[in-house]
Amino acid sequence: LLCACEYGFSPAQPDRADFTEQQTDDTFCAGKAVLRKISAEVHQNGKAFSFPFHFVCPKSDRPVPVVFLINFTPAVPDAYLPSEELCDLGIAVASFGYTDISPDSDDFASMAGGLLGVDRTSPDAPGKIAIWAWAARIVMDYVETRPEIDLQNVAVAGHSRLGKTALYAAAFDERFRFVFSNESGCGGAALFRGKGGESAADICRVFPFWFCPNFKNYTQADDALPFDQHFLLSLIAPRRVYVASAAEDLWADPQAEFHACIAASPAYTL
């Protein structure tokens, strides 16, 4: 229902993904961690597409947890990504810049969109949230190959539009055992019904390309939606979801996010 009416169906996983280590720095964080820059070459439909990502792992004599940040920039470290502090806590970090996957626009012909052959005339074609989440799953394929990682403790995280993406990625890939969603708001962790600030109509008017074309048919009235965002949170049960927003971010509406968590709770009870 969420795929058909809101996000579009997730692109198929690639026929093949090859990972090449482009750069290694074992002196990262004053020698406490190893930084690897990886190129993922993805093969699908007879085409190929490459994108970079980073993998930072603290030096440890046992497997460590990892958090995967879908980030606004490819930089490591970054204002959104305190790599050294996380490594000091014994946590590895994987990350990519989201526009290295697909532009934050209605361009579905270039980059990953060109590889996947996205046809936006189809009402349930994937939007950008689904495409960015697709790339996160490919990076997860790489993480699974790393002996340094405790695969029972893998988290995916994101902020704002990428908080929405992290929730979608976790809902459709059970390898993500935890998801951290920050300021995901409308189309993320916040209920549409009764929401203050940004509404379904607002987000569909300004960012229609984040969602499937069908979404516009449900955004003029909250009651027209055959679902609400607690459906998305419920899909992650019994894995863990952490939802956060700034108290004064009334556009995201933390109260609507809190109500979605309450509404999703029966799935966790079950």
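Look up a bit, the structure's there.
Since we're looking at a predicted model, the values are computed, not measured.

### Notes on the packing of aromatic side chains
Each pair of aromatic rings is reported with the distance of its centres and the angle of its planes.
Now for step 1: All told, the structure shown has 20 aromatic pairs when counted by the stated rule.
Now for step 2: Ring geometry for F19 against F53: centres 6.2 Å apart, planes inclined by 80 degrees, an arrangement best described as edge-to-face. Taken as a pair, F19 in strand β1 (residues 16-27) and F53 in strand β3 (residues 47-58) lie far apart in primary sequence, 34 residues in all.
Now for step 3: Residue classification places F19 among the partly exposed residues on the basis of a relative accessible area of 26%.

### Section: the layout of surface pockets
Now for step 1: Empty space within the largest pocket amounts to approximately 230 Å³.
Now for step 2: Taken together, 17 residues line the largest pocket, and the ones lying closest to its centre are L69, Y80, A157, G158 and F180.
Now for step 3: Looking at which element gives the most residues to the lining of the largest pocket, the answer is strand β4 (residues 64-71), with four residues.
Now for step 4: Of the residues in the lining of the largest pocket, the class split is twelve nonpolar, five polar and no charged.
Now for step 5: The space that makes up the second largest pocket amounts to roughly 160 Å³.
Now for step 6: What lines the second largest pocket is a set of 13 residues, among which S160, K164, E183, E198 and W251 lie closest to the centre.
Now for step 7: Split by residue class, the lining of the second largest pocket holds five nonpolar, three polar and five charged.

### Digging into the side chain of S184
Now for step 1: Residue position: S184 is located in the loop between β7 (178-182) and α7 (200-206).
Now for step 2: Note on S184: relative accessible area 0%, which makes it buried.
Now for step 3: A polar contact is formed between the side chain of S184 and the side chain of S181, at a distance of 2.8 Å.
Now for step 4: Ignoring anything within four residues of it in the chain, the contact list for S184 reads S160, G163, K164, L167, A189, S245 and E257.

### Remarks on the nonpolar core
It is characteristic of soluble globular proteins that their nonpolar side chains tend to be buried jointly.
Now for step 1: The biggest cluster of nonpolar side chains holds 71 residues, and the ones touching the most others in it are F51, F68, F96, I149 and F215.
Now for step 2: Top element by residues in this core is helix α5 (residues 128-143). It accounts for 13 residues.
Now for step 3: In this view, F68 contacts A94, S95, F96, A136, V139, A155, V156, A157 and F176; residues no more than four positions away in its chain are not counted.
Now for step 4: Within the second largest apolar cluster, 14 residues are counted, among which are C29, L35, V67 and V93.

### Quick notes on the environment of A256
Now for step 1: Here A256 is to be found in helix α9 (residues 254-269).
Now for step 2: The spacing of A256 and I131 is 125 residues in sequence and 26 Å in space, taken between C-alpha atoms.

### Topic: the pattern of salt bridges
Now for step 1: Tallied over the entire structure, the rule returns 13 salt bridges.
Now for step 2: Between R16 and D18 there is a salt bridge, with the nearest N and O atoms lying 3.0 Å from each other.
Now for step 3: Looking at D18, the relative accessible area reads 27%, which means it is partly exposed.
Now for step 4: R175 is paired through a salt bridge with D173; the nearest N and O atoms lie 2.7 Å apart.
Now for step 5: With a relative accessible area of 5%, D173 lands in the buried category.
Now for step 6: Salt bridges linked by common partners bring R137, D141, E144, D173 and R175 together as one network.

About the criteria used
- Residues numbered from 1 in each chain as written.
- Predicted model: local features only at pLDDT ≥ 70, side-chain atom pairs only at ≥ 80, totals over all residues.
- Heavy atoms only, no water.
- Phe/Tyr/Trp six-rings, centres within 6.5 Å; stacked < 30°, edge-to-face > 60°.
- Helix = DSSP H or I, 4+ residues; strand = E, 2+ residues; numbered from the N terminus.
- Buried < 20%, exposed > 50% of the residue type's maximum accessible area, 1.4 Å probe, protein only.
- 1 Å grid on protein atoms, 1.4 Å probe; cavity = no way out; pocket = protein on both sides within 12 Å on 5 of 7 lines; lining within 4 Å.
- Points joined across faces, edges and corners; volume = space filled by probe spheres on them.
- Nonpolar A, V, L, I, M, F, W, Y, C, P; charged D, E, K, R; others polar.
- Polar contact = N/O pair within 3.5 Å; in protein donor to acceptor, adjacent residues only side chain to side chain.
- Contact = heavy atoms within 4.5 Å.
- Core = buried A, V, L, I, M, F, W, Y, C linked by side-chain atoms within 4.5 Å.
- Salt bridge = Lys/Arg side-chain N within 4 Å of Asp/Glu carboxyl O.

Keep in mind these values describe shape, not function.
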